[in-house]
Amino acid sequence: MDIPPSPPKIFSRKRRVAARLRMQSMADMGSGVATVARELAEDVVDRLGFLREDFENALVLGDRTGALARHLDEGGTHVISADSAPLPGVTVIDEEAPLPGGPFSLIVSLGLLDTVNDLPGALVLMRRALKPGGLMIASFGAAGSLPGLRAAMLTADGERPAPRIHPQVDVRAAGQLLTRLGFADPVVDGWGFDIGFESFDQIVGDLRAQGLNNVLANSGPHLSRKAVHTARTQFEARGEEDGLIRERFEFVTLTGRNPAPRF
């Protein structure tokens, strides 16, 4: 039997963990930003409200706001909060290894799966950790995010662009993936929002504060002062009349169930 090849190591797990620990440290010092985390958690709370379904137990991955866990707990669901980094009050997990504590009625992953090396494998592991008929919801960054910042970084690098911003998942491809991996009732939604920034330095700082900075295994060389100036100038040239530079954040939400046996 042929052994499938290992997925390429695009992302560094060590850098992923370090980014989330830095995020927590900045939050503890009062300089944290949680805009993306809040949007992801609130979106899932809204989705669950439409379902009107009771869950006996749930595994919540990556929700740094705690809002989703509180919502489920108030509804009588036993919740295990987990993360890929050793953050306060969470179980540490590896999304690319079997998930502990199951089987679960519900598994939710927020903002983590866009930086795993084996996205299909991670989704299969989530499905296997569900009870028959159990529900999975996974939301993460998608293609089309940060177009202004991407363009600015490409301009700064000139003729030899370096890997600085993560590859992104296409919404259509994500939908095909769910079906191929054996999820029942697969649903894929693409959605997003704009955020206004006052400067290039602010968006870079906000991304770092949210654990959204570069965690590529090959992150490329540091930008020179001249290149940073070029990126700043390019990005801030998009400022509007109110002085803000608006940047787009795109997300995909995958929803599917572990098929229940048919008798």
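On a predicted model such as this, the values are computed, not experimentally measured, just so you know.

**Q** I tried to follow the nonpolar core on my own but got confused; where do I start?
**A** The tendency in soluble globular proteins is for nonpolar side chains to be buried as a group. In this structure, L48, L68, L72, L106, L149 and F249 are the most contacted members of the largest nonpolar core, which totals 36 residues. At six residues, helix 2 (residues 35-51) tops the list of elements feeding residues into this core. In this structure, F249 is in contact with V36, S145, L146, W191, G192, F193, I195, F197 and L207, ignoring residues within four places of it in sequence.

**Q** Honestly, the packing of aromatic side chains in this entry has me stumped. Any pointers?
**A** Taken as a whole, this structure holds six aromatic pairs when the rule is applied. Seen from their ring centres, F193 and F249 are 5.9 Å apart, and the 10° between their planes marks the pair as stacked. Of this pair, F193 sits in strand 6 (residues 184-197) while F249 sits in strand 7 (residues 245-257); the two residues are 56 residues apart in sequence, bridging distant segments of the chain. Per residue, the accessibility class of F193 equals that of F249, and both read buried. Among the aromatic residues, ring-to-ring pairing joins W191, F193, F197, F249 and F251 into one connected group.

**Q** Help me understand the pairing of strand 4 (residues 104-110) in this model?
**A** On any regular strand, side chains alternate: one points to one face of the sheet, the next to the other face. In terms of residue burial, strand 4 counts as a mostly covered element, since seven of its seven residues are buried. Of the strand pairs in this sheet, strand 1 (residues 57-61) and strand 4 are connected by four bridges, and their pairing is parallel. Considered in strand 4, the bridge of A58 is made with L106. The pairing of strand 4 with strand 5 (residues 130-141) spans six bridges and is parallel. Residue pairing in the sheet places V108 in a bridge with I137 of strand 5. Following the chain from strand 4 across helix 4 (residues 119-128) to the adjacent parallel strand 5, one finds a crossover that is right-handed.

**Q** Honestly, the packing of helix 7 (residues 200-209) against helix 8 (residues 225-236) in this entry has me stumped. Any pointers?
**A** Two measures define how a pair of helices packs: the angle their axes make with one another and the distance between the axes. Contact pair helix 7 / helix 8: the axes reach a minimum separation of 9 Å and the direction vectors enclose 100°. In terms of orientation, helix 7 lies roughly perpendicular with respect to helix 8. From helix 7, F200, D201 and I203 reach across to helix 8, where they touch V228, A231, R232, F235 and E236. Tallied by class, the residues present in the contact of helix 7 with helix 8 amount to five nonpolar, no polar and three charged.

**Q** Just checking my understanding: could you explain the confidence of the model for the chain for this structure?
**A** Interpretation of the predicted coordinates at a detailed level should be avoided for regions scoring low in pLDDT. With 97% of its residues at a pLDDT of at least 70, the chain reaches an overall mean of 90. Of all the helices and strands in the chain, helix 6 (residues 171-180) carries the lowest mean pLDDT, 84, while strand 4 carries the highest, 98.

**Q** Any chance you could explain helix 6 here in plain terms?
**A** Along an α-helix, a turn takes 3.6 residues, which lines up residues three or four apart on a common side. Taken together, the buried positions of helix 6 are occupied by A174, G175, L177 and L178. Buried residues of helix 6, viewed axially, fall in a sector of 160°; they line one side. Projecting away from the buried face of helix 6 at angles above 90 degrees are the exposed residues R172, Q176, T179 and R180. The secondary structure elements touched by the buried residues of helix 6 are helix 4, strand 5, strand 6 and strand 7. Here helix 6 starts with a cap whose side-chain oxygen sits 3.0 Å from the backbone nitrogen of R172, and that cap is D170.

What counts and what doesn't
- Residues numbered from 1 in each chain as written.
- Predicted model: local features only at pLDDT ≥ 70, side-chain atom pairs only at ≥ 80, totals over all residues.
- Heavy atoms only, no water.
- Core = buried A, V, L, I, M, F, W, Y, C linked by side-chain atoms within 4.5 Å.
- Buried < 20%, exposed > 50% of the residue type's maximum accessible area, 1.4 Å probe, protein only.
- Helix = DSSP H or I, 4+ residues; strand = E, 2+ residues; numbered from the N terminus.
- Contact = heavy atoms within 4.5 Å.
- Phe/Tyr/Trp six-rings, centres within 6.5 Å; stacked < 30°, edge-to-face > 60°.
- Pairing = 2+ DSSP bridges.
- Right-handed = clockwise from strand over helix to strand, strands pointing away.
- Axes fitted to C-alpha atoms, helices over the stretch in contact; angles between N-to-C directions.
- Parallel < 35°, antiparallel > 145°, perpendicular 65-115°, else oblique.
- Nonpolar A, V, L, I, M, F, W, Y, C, P; charged D, E, K, R; others polar.
- pLDDT = per-residue confidence, 0-100.
- Arc of directions from axis to C-beta.
- Polar contact = N/O pair within 3.5 Å; in protein donor to acceptor, adjacent residues only side chain to side chain.

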